[in-house]
Amino acid sequence: MPGSPLVSRRLWISALIVPPLAFVALFVVYPIISAFAYAFFHWNGLARGEFVGFANFYKVLFTQPYADWTVNAFLHNVWVFFALMVLQNGLGFLLAYCLWRELPGAAFHRISVFLPVVLSTIIVGFLWKLFLHPLFGVVNISFRGLGLGGLAQPWLGQDSTALWSLIIANAWHMVGFPTLVFLAGMQRIPGEILDAVRMETESEWTKITKIVWPLVAPSATVVFTLLFVGSFNWFEIPYVMVGLEGSPHGATDVLGLYFYRTAFGNMSGSGQDFGAGSALAVLIFVFIALVAGIITFKLRAREIQI
Amino acid sequence: MNVASQSYYDRRGILAALGKDGLIQLILILNTAVMLAPILIMLFAAFKTNAQIFQSPFGIPDFSNVANITKIWNETNFLRYLMNSVIVTGSSIVVILTLGTMAAYAVARYKFWGASFVLMFFLAGLTLPLKLAIIPLFILMRDLGILNTQLSLIVIYVAMGLPTTVFIMTGFIRTLPNELEDAARMDGASEPRIMWSIMLPLVRPAMVIAGIQNVVPIWNDFFFPLIFIQKDKLKTLPQGLTTFMGEYTTDWGVLFAGLLLSSAPVIIVYIILSRQFINGMTAGAVK
Amino acid sequence: MKKLVCSTIVALGALATALPAMAQELTFWSWRQEDKAQYEKFIDVFEAKNPGITVKFETFEATNYNTILSTALAGGSGPDLMFTRTYGGMETVASGGYLLALDKTNVPALSTFTAPALASETMRSNKTTYAVPFASQTMLVIYNKDIFDKNGLSEPQSWDDFIKASEKLKAAGVMPFANGTATAWQNEVVVGGLVSSIMGRSFYDDLMAGKADFTDKRYVGALTKLKEITKYFPDGFIGLDYASAQQLFSSGMAGMFVGGSYELANFKKQNPNMKMGIFAAPGLKAEDEKLVALYFDGGYAANAKTKNKEAAVKFLNFLASQEFGQMFANDLNNISAVPGVTFKEPLLGEVADLNKHSIPYLMLVHFRYGEPSGSVLLQSEIQKLLGGKATPEEVGKNLTTGLAAWYAPFKK
């Protein structure tokens, strides 16, 4: 090998780390920094115009109709997060606890609960859209068949049920993920600890609150953070099931749809606005980073206490 | 505590009747039914006519009636979309594993100035939602002249996949013993030689995990093709699916057949490799 | 190994990239994938007459067409010739200065086009026309002739007739209307197709003159009637998407479909045996003028920076000619914007006749120049109205205050 061993070792390490670093720098770091910069400019279509300071932020936060749209979409994201926290993570914990008993058939149940997770969100969205069709969907057909025609609803068309329909489709799709993460956490709890607890108490509840929950808490931190990030990035399910406009009348509008419409326009709007779109992206981004940071920090602190 | 045990005893009634395990089994069976029913309805409907779907959505069809399937197969670009997905996903995974292993190997096996910074740099990308940087990415792809090409997708997927891959691989490579490596070094083997012939064969299990962790989200991604790819002949499966779902709206059997065919590859591979899939996809979240 | 992988990927990428167009030919971009064969035929006619010029027709997805086009034009890789949207959609592209200005000197035939047609491709700020309009679309009521005949119905002359006909179909177990409003833009369609006659020409004139806004009782009254007639829409129509609604009509399950003239070709393709008729939804009284809502939906423009300007202008003149207009109407079954075209297909002829009594399709034509666009507001407000979340008065008020954000006459 030519050159001194030290130089060639350095060259070798550089050869290993420079290509991946360059890649992440160009396609992750640079775009994210640019996203921040773009929000401070006026945009003519795809051409960057003059520097406008915080004008785009002011526009999406304080001028009408943007302000109302922003708040409306944001509140829906908050709602989605809490609903999925119960329906997806809560149910996931319960299912994990049930699977942990290793009763006969547990392997089969484990495979089936995770099956929807591997499907594309697009497939899940279309599937549920067909199921919830007001006239021909299997949900309404079943209600009518059972003589419960009164329960048949235009699920995706009325504001009282539309967002819930999307949430349930999402929960069906993803519940297997927290289930198996929690299950893996439970399976790592040492047998001696469990035996010791069994000697002391009969109560399942005590066992869960005192032992199981604290010991799977590290997994919970990750699952909660991922759900949070996912809830505020939510796009595909609403896009497929209710369209870019968040029908009906914005009752299912979320930040993802709103950001897309603002940046890229839709058929009925007046066009694309990269400035306002970038401002929205930055706001969502900062919000996600802040809250995800706090969740991780708080939950980590609690893990250590326990 | 009192309240808690109270609520526990309230449930005595069901527990007494079924036994604790009975209740658990019941929950699991109900849940499995809910998980599988939509997939079975889709499977059945793919072999039915409109009338059969609307009248008996749960009925078991005549599986020899493959008219809907052949329609998707022959009249849409399904095969083309499938090929595109294979090309994009396959290329992305190869690049992710190559670059990811390189970075992880350097960080895990060598002490050098800035190693922890390099690791932090990758980890920072772990939870960043790259979707939100779509506007600059769109402009970047345009400036690079790769908008509307499969390269734009591969590039973005590699960028998305690298952080978790480096994370998983670094953790694994650190656990490998030093003895083999030291022995080879004594024999005068070069560093690239040590990596290629001695260490890499040991890293394969972690590569499988990292590969699976990436393959599912890339295969299923819809957002980036939606923005980067406009030409029909370059569309990936999820994006192509929206195209032919738009064309066959009047024929529900064909719609379900389209959904079935699009999901079949993943479902089949998952059933065969369920353990690897579950380990791979939850890797990173399991602590 | 790594090198090999990398170069393979680059090669794959290169293969996937379309080959750049050759310099001596004109590229022509479009969002009409489904019309490719017909356009290639039109181009053959042009090329036969103009040896030395070749035109290459390329299509892109309709929903993102404007984004793709703006991107390409801004990046200097745009086509020589292109389809453009109309009204606000045209302005977003034209305002970048990318389009060649057209007038009597370079495209003489433009002076024969109707004023509303030219207005659709004219930028409001500098009064410059940038494209040759190609087609108009009409919002009207399409009906299934067999179902109407079987139930002894004829085209309604008054609103009462309309309700009675719907009632009769419902009693006979047929869905009167196939429409659903879960897909946002369909809400705008039902307003244009059902109640243009009720709001009336005088309301439109006053609105344009700045003498009326959407709280006007003619407009609110129209919305009240709209809400009333949706009683005859399918069960759960607020959750029924556009595609399903089309399906209900084309499969013969419903008597009427409120929609654009573009649906005719669609339905014909889905169900070639169905006999269809069309009418303008009536006003309140039989003697009220029956109006359809009309708009232009696209045009042909040239790139201001094209290297082959002479050839491009030659092609635009061809697209503005009577000869082309006639081929367009015959082969694409659309109402060509070229004056004096005749229609082989009787239904198209009827559409052209209905167009003689029309008002513009309001929100699309006049209120898509700012944010929030009138279309976005109307779609969402109508969903509220039909979902029982707003009264017609509230809709009128919300439209007016919403548009006041950018529409000067509504600013108080």
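**A closer look at the overall build of chain B**
Here comes step 1: Per the secondary structure count, chain B includes 15 helices and 0 strands.
Here comes step 2: For 287 residues, the compact-globule estimate of 2.2 N^0.38 gives 19 Å, and chain B exceeds it by more than 25% at 25 Å.
Here comes step 3: Expressed along its principal axes, the backbone C-alpha trace of chain B runs to roughly 75 × 65 × 35 Å.
Here comes step 4: Classification of the 287 residues of chain B by burial places 49% in the buried group.

**Here we look at the overall build of chain A**
Here comes step 1: In terms of helices and strands, chain A carries 13 helices and 2 strands.
Here comes step 2: The C-alpha atoms of chain A give 24 Å as radius of gyration, which overshoots the globular expectation for 306 residues (19 Å, by more than 25%).
Here comes step 3: Seen through its C-alpha atoms, chain A measures out along the principal axes to roughly 80 × 70 × 40 Å.
Here comes step 4: If you take every contact in chain A between residues at least 6 apart in sequence, the share linking residues at least 24 apart comes to 67%.

**Comments concerning the domain arrangement of chain B**
Here comes step 1: Looking at chain B, the domain boundaries give domain 1 (2–61) and domain 2 (76–247).
Here comes step 2: Using only C-alpha atoms to locate each centre, domain 1 of chain B and domain 2 of chain B end up separated by 38 Å.

**Some details on the interface of chain C and chain A**
Here comes step 1: Taken together, the contact pairs 36 residues of chain C with 30 residues of chain A.
Here comes step 2: Elements represented by at least two residues in the side of chain C that touches chain A include exactly α3 (65–74), α4 (87–94), α8 (184–208) and α16 (374–386) of chain C.
Here comes step 3: Ranked by residues supplied to the side of chain C that touches chain A, first place goes to α16 of chain C with 6 residues.

**Concerning the pairing of strand β2 (residues 47–51) of chain A**
Residues and elements named next belong to chain A.
Here comes step 1: Across the 5 residues that make up β2, only a small minority, 0, are buried.
Here comes step 2: Of the strand pairs in this sheet, strand β1 (residues 41–44) and β2 are connected by 3 bridges, and their pairing is antiparallel. Opposite Asn44, over in β2, you have Ala47 as the bridge partner.
Here comes step 3: Between β1 and β2, which pair antiparallel in sequence order, lie 2 residues; one of them, Gly45, sits at a positive phi of approximately 60°.

**Brief notes about the nonpolar core**
Here comes step 1: In this structure, Ile284 of chain A, Ala103 and Ala159 of chain B together with Val132 and Phe315 of chain C are the most contacted members of the largest nonpolar core, which totals 309 residues.
Here comes step 2: Setting aside anything within four residues of it in sequence, one finds Phe315 of chain C in contact with Leu26, Phe46, Val55 and Leu81 of chain C.

**Observations concerning the interface of chain B and chain A**
Here comes step 1: At the junction of the two partners, chain B supplies 74 residues and chain A supplies 73 residues.
Here comes step 2: In terms of residues, the side of chain B that touches chain A owes the most to one element, helix α3 (residues 20–45) of chain B, which gives 13 residues.
Here comes step 3: Its residues placed into classes, the side of chain B that touches chain A shows 56 nonpolar, 14 polar and 4 charged.

**Looking at the domain arrangement of chain A**
Residue and element names in this part refer to chain A.
Here comes step 1: Its domain assignment divides chain A into domain 1 (5–51) and domain 2 (63–305).
Here comes step 2: On a C-alpha basis, the centroid separation for the pair domain 1 and domain 2 is 32 Å.
Here comes step 3: With 9 residues of domain 1 at the contact, the number on the domain 2 side is 8 residues.

**Some words on unusual backbone geometry**
Here comes step 1: For the peptide bond that leads from Ser247 of chain A to Pro248 of chain A, omega is -10°, which places it in the cis range.
Here comes step 2: Structurally, Pro248 of chain A is set in the loop between α11 (236–242) and α12 (255–264).
Here comes step 3: A cis geometry characterises the amide bond from Glu371 of chain C onward to Pro372 of chain C, with omega recorded as 0°.
Here comes step 4: Position of Pro372 of chain C among the secondary structure elements: in the loop between α15 (362–366) and α16.

**Some points on the pairing of strand β6 (residues 254–260) of chain C**
Residue and element names in this part refer to chain C.
Here comes step 1: Of all the 7 residues making up β6, 7 are buried; the element is thus mostly covered by neighbouring parts of the structure.
Here comes step 2: Taken together, the 5 bridges between strand β4 (residues 132–144) and β6 define a ladder with antiparallel strand orientation. Bridge assignment links Leu140 to a residue of β6, and that residue is Gly259.
Here comes step 3: In this sheet, β6 lies alongside strand β5 (residues 175–177) in parallel orientation, the contact comprising 2 bridges. Each residue of the ladder has a partner; that of Phe177, found in β6, is Met256.

**Looking at the packing of helix α7 (residues 115–124) of chain B against helix α9 (residues 150–174) of chain B**
Residue and element names in this part refer to chain B.
Here comes step 1: One way to put it is that α7 packs onto α9 with a least axis distance of 7 Å and a crossing angle of 130°. By the criterion of interaxial angle, the relationship of α7 to α9 is oblique. The two elements α7 and α9 meet at a crossing, and its hand is left-handed. Residues Leu119, Phe122 and Leu123 of α7 pack against Leu162, Pro163, Val166, Phe167 and Thr170 of α9.
Here comes step 2: Residues that form the contact of α7 with α9 fall into these classes: 7 nonpolar, 1 polar and no charged.

**As for the packing of helix α10 (residues 179–186) of chain B against helix α11 (residues 191–220) of chain B**
Residue and element names in this part refer to chain B.
Here comes step 1: Between α10 and α11, the least distance of the axes is 10 Å, while the angle of their chain directions is 145°. Relative to α11, α10 is oriented so that their crossing is right-handed. Note on element contacts: α11 touches α10 through Ile194, Ile198 and Met199, opposite Leu180, Glu181, Ala184 and Arg185.
Here comes step 2: Grouping the constituent residues of the contact of α10 with α11 by class yields 5 nonpolar, no polar and 2 charged.

**Details of the environment of Gly387 of chain C**
Here comes step 1: Among the secondary structure elements, Gly387 of chain C is positioned in the loop between α16 and α17 (392–403).
Here comes step 2: Along the chain, Gly387 of chain C and Leu140 of chain C lie 247 residues apart, while their C-alpha atoms are 23 Å from each other.
Here comes step 3: Dropping the residues within four chain positions of it, Gly387 of chain C is found in contact with Gln158, Asp159 and Pro248 of chain A together with Ile238 of chain C.

**Looking at the confidence of the model for chain B**
Here comes step 1: Chain-level statistics for chain B give a pLDDT mean of 86 and a share of 93% at 70 or above.
Here comes step 2: Overall fold confidence (pTM) sits at 0.88, and the ipTM for the predicted complex is 0.89.

**So, the environment of Ala133 of chain B**
Here comes step 1: Looking at the secondary structure, you find Ala133 of chain B in the loop between α7 and α8 (134–144).
Here comes step 2: For Ala133 of chain B, the residues in contact, after removing those within four places along its chain, are Pro31, Ile32 and Ala35 of chain A.

**Section: the environment of Leu377 of chain C**
Residues and elements named next belong to chain C.
Here comes step 1: On the secondary structure map, Leu377 appears in helix α16.
Here comes step 2: The exposure class of Leu377 is buried, given the 24 C-beta atoms found within 10 Å.
Here comes step 3: Sequence spacing of Leu377 and Asp353 is 24 residues, and the spatial spacing of their C-alpha atoms is 31 Å.
Here comes step 4: If we ignore the near neighbours within four places in the chain, the residues touching Leu377 are Pro372, Asn398, Leu399, Gly402 and Leu403.

**Describing the confidence of the model for chain A**
Low pLDDT marks stretches whose predicted atomic positions should not be read closely.
Here comes step 1: Across chain A, the average pLDDT comes to 89, with 96% of residues at 70 or higher.
Here comes step 2: No element of chain A has a lower mean pLDDT than helix α9 (residues 191–200) of chain A, which averages 82, and none a higher one than helix α7 (residues 162–174) of chain A, which averages 96.

Conventions and cut-offs
Residues numbered from 1 in each chain as written. Chains lettered and ligands numbered in written order. Predicted model: local features only at pLDDT ≥ 70, side-chain atom pairs only at ≥ 80, totals over all residues. Helix = DSSP H or I, 4+ residues; strand = E, 2+ residues; numbered from the N terminus. Rg over C-alpha atoms; globule rule 2.2 N^0.38 Å. Buried ≥ 20, exposed ≤ 12 C-beta atoms within 10 Å, placed from the backbone. Contact = placed C-beta atoms within 7 Å. Domains from an automatic or database assignment. Pairing = 2+ DSSP bridges. Core = buried A, V, L, I, M, F, W, Y, C linked by C-beta atoms within 7 Å. Nonpolar A, V, L, I, M, F, W, Y, C, P; charged D, E, K, R; others polar. Axes fitted to C-alpha atoms, helices over the stretch in contact; angles between N-to-C directions. Parallel < 35°, antiparallel > 145°, perpendicular 65-115°, else oblique. Left-handed = near helix turned anticlockwise from the far one by under 90°. pLDDT = per-residue confidence, 0-100.

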